[in-house]
Every structure is written in structure tokens, then in C-alpha cells.
Amino acid sequence: MSPKRQPTDSRIPGFYDLPVPQRQALVIERLGLSQTTARHLSAGGGLEPAVADRLSENVVATHGLPLSLGLNFVVNGTPRVVPMTIEEPSVVAAASHGAKMVRALGGFSGRATPPVMTAQVQLWDVPDPDSAGARLEAHRAPITRAADAAIPGITERGGGLRDLETRVVDPGQGLVVVHLHIDVRDAMGANIVDTVAESAAPAVVAAIGGRVGLRILTNLPLRRTVDVVAQAPVEAVGGAEVAAAIERASKFAEADPFRAVTHNKGVMNGVDAVAVALGQDWRAIEAGAHAFASVGGVYRPLSVWRVRDEALEGELKMPLAVGTVGGCAGAHPGVRAALEILGVRRADELAVVMASVGLATNLAALRALAAEGIQAGHMRLHRRRLTPPGDGGGEAS
Ligand code: MEV
């Protein structure tokens, strides 16, 4: 599923100007894509109705969206050509432009935490809620045994229950929630942690008493986050005045939730486009991102930008529950093709790439807003799209 070789360069000059079949041929050759993926791309992508019928219910047809490539990315030193699926014009160009601005200073660097997802076991009518935590601690071993026994495939691969935590949510009602923190390896992990929550719940009740309510993951996986940083030379963003305006735009978002949510939408343009192309649960990603943005009680931007020395520096932190195994990866030929194009094997690598694309679309949006206004930027791209090949263009490459 991964490419035989990484691209030596994620720049493809003139890509934007080529007709679709030539782009397909170029990328198949450049990335050394498998015959299966080459056939999938050459056929225009898509999904057989019979496969769609296995993915959802009451299927009557399939629904098409563009599959585009974000260019110019270097992530932790590796060039990446990034599949993106999105209906909104300018986002893929923004991603490629953002990546281009930061590549002179090494591109994006980042790291993801170990892939620990969190399940919640709700208990009510718990006697003496304040000492529930101590009772849970005393029963850590049997709860861990029950949890790990429920997911032998994951424990064989080195995953399993990592930690337990008690939260007294409403002592008056005896409402206590136990969090089970589970290493899900390269899976997104929703099904895994739901299985653990259901299987370990009896051991949890045996430990602290009460009655079991819901057993389900939280989509706010605070122990599964990703950090990414990047610097663009001030000249690359259009000079000192534009860089200062981008810093002011960041400070605006840091001070005002109304602006922060739009700033974050610019981040999620990139993150979601990769998520859709790679068959990830983008609803979970969105829910987690916005909950994380407001976890301190005030809604904040996921990324911040500052001018330091001669560079504009951006950093982004967010939760990202993504997987390279499980989900629809096995069934969906477009997702398999996208994984092969991107060339990541591990979930943590995918998370760092996705966050990098979010930082890239965020930077390009802020630059457009600070330097020329977003409509002017959009209109310029639309004009380029209508310009015949050979007459310029190339914004997205
Ligand atoms: C549009 O899809 C995204 C922007 O509104 C983001 C932003 O304002 O930073 C341009």
C-alpha cells in the first residue's frame, strides 16, 4: 500500500497548468505508483457501487469529489505529495503555496504523541464518589487484564491499556466517569476503545461500585495530540510588512473567539481535505479540534504565528485521531491509492502530515488576508483556472 520509493522532491513545476491525464501520467511515473493505483487514477478514480453498498446503507449511487495533490511539502525532512479531497476552490493551491513559503527553511517539523485513545465508562449511583479514585487504583490490575484480554490483536502489536483515570463529574448524583487510556497502535481506534470500555466495565464496577451507563470513546483525545512548527523567511511571505500583518492576524485570533473560529476553519481546510482523501473520520477530527480549541474555557486558535529574527514562525497543536489500518482503507480503492501516494505507513506519521497541511492552509489564508484580501486572492486563482495551458498559472505548484 505504500510506494516503492519516496518522491525525491514534492515540487512539480507547471503541474497546475497540465491537463488531468498528463498530471495522472506524471504522478504515476514520479512516485512509481503500483499498477492498481495507476489504473484507479487513469480511470478517473471513483468507487464501484457494490463497494459503496458495503460501506453504507440504502446506497443508490456514489458521490464524486475532486482528488487533488498538495505539492511542495517537506515534513520532518521527507518530501510528501499530499492527496487532498475538497470541493472548495483555492484550498489545494493554498496548501501548496503555504508549503512553498516554508520549504526554504526546511519545511514542517513535528511529532505526534503515542497513539493513545480514551474511552469513557459512565457510572452512576456510585457510593462515596470522592474515594472512587482510590478504589479504582486498588483494582488497576484486574481492570487492565480485562481490557487487554478484549483486544489481543492490539496487545500483540504492543498496544493495550496504558492508564486509568477517575473523574467525579457530579458527586450529588454519584456520577463518576472512568477514563481508560488505550494505545491503539496504527488504528484510529474508535472500535478498539469501545470494545475495551464494554469489556472492562464489569471490572470497573467491581472496583468502585455504582451502575454502568454509557461505554464509548471520547472524541476529545487529549493524550493523542500532534505538534507541528514551520518557519517562512520574511521575504517569502512578501516582506516585513506582510509578516507583521500575519502576526497581528494571529494575535487577533488569540484575543477574539469570533476570529479564532475562522482562523481554525482555515487550518481545518487542509486537515479535513487530507482526512477525506485518506478515508479518515473527519467528523471526529472536527469535533476534537474545536473542543481542544476551547478546552481552557475560551475558544482559541489552534495555531499561532510570530515574527522572529528574519522569519515568520508558526506552531500548531491539536488532537488528531487518525489511522493507517482499519476503517475503510481496506475496502476503498481511492483511500488505498491516496495512502500509496502519500507514502506513510504509521498513524503518527499521517497525523504530522495532516497537521502540517493545516498549518500550510492557515499560513496561505493569513497571507492572502494580510496582503491582498481573500476575495482578490480567490479571483486571481479563478482567472488562472480559466487561462489556457502555457499562458502562466502554476500557483498550486
Ligand atoms: C476560507 O475557507 C478560510 C479563511 O476564512 C480562513 C481565515 O480567515 O483565516 C480564509
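Before any of the text, the structure's been laid out above.
Treat the numbers as computed from the prediction; the structure is a model and nothing was measured. (Residues numbered from 1 in each chain as written. Predicted model: local features only at pLDDT ≥ 70, side-chain atom pairs only at ≥ 80, totals over all residues. Heavy atoms only, no water.)

Draft legend 1. Local environment of the packing of helix α10 (residues 257-277) against helix α13 (residues 347-371). Interhelical geometry of α10 versus α13 gives an angle of 135° and a closest axis separation of 7 Å. Looking at the two axes, α10 sits oblique to α13. α13 is crossed by α10, and the crossing has right-handed handedness. Across the interface between the two elements, Arg259, His263, Gly266, Val267, Asn269, Gly270, Val271, Val274 and Ala275 from α10 touch Met354, Val357, Gly358, Thr361, Asn362, Leu366 and Leu369 from α13. Among the residues forming the contact of α10 with α13, the class breakdown is eight nonpolar, seven polar and one charged. (Axes fitted to C-alpha atoms, helices over the stretch in contact; angles between N-to-C directions. Helix = DSSP H or I, 4+ residues; strand = E, 2+ residues; numbered from the N terminus. Parallel < 35°, antiparallel > 145°, perpendicular 65-115°, else oblique. Left-handed = near helix turned anticlockwise from the far one by under 90°. Contact = heavy atoms within 4.5 Å. Nonpolar A, V, L, I, M, F, W, Y, C, P; charged D, E, K, R; others polar.)

Draft legend 2. Spotlight on the site of the ligand. Residues in close proximity to the ligand total 11 residues, the closest being Glu88, Arg259, Lys265, Asn269 and Leu369. Here lysine 265 contributes a side-chain N or O atom positioned 2.7 Å from an oxygen atom of the ligand. One nitrogen or oxygen atom from the side chain of asparagine 269 is found 2.9 Å from an oxygen atom belonging to the ligand. Of all the elements in the fold, those that place two or more residues in the shell around the ligand are α10 and α13. With six residues, the top contributor of residues to the shell around the ligand is α10. (Near = heavy atom within 4 Å. Polar contact = N/O pair within 3.5 Å; in protein donor to acceptor, adjacent residues only side chain to side chain.)

Function-wise, these values are silent; they only describe arrangement.
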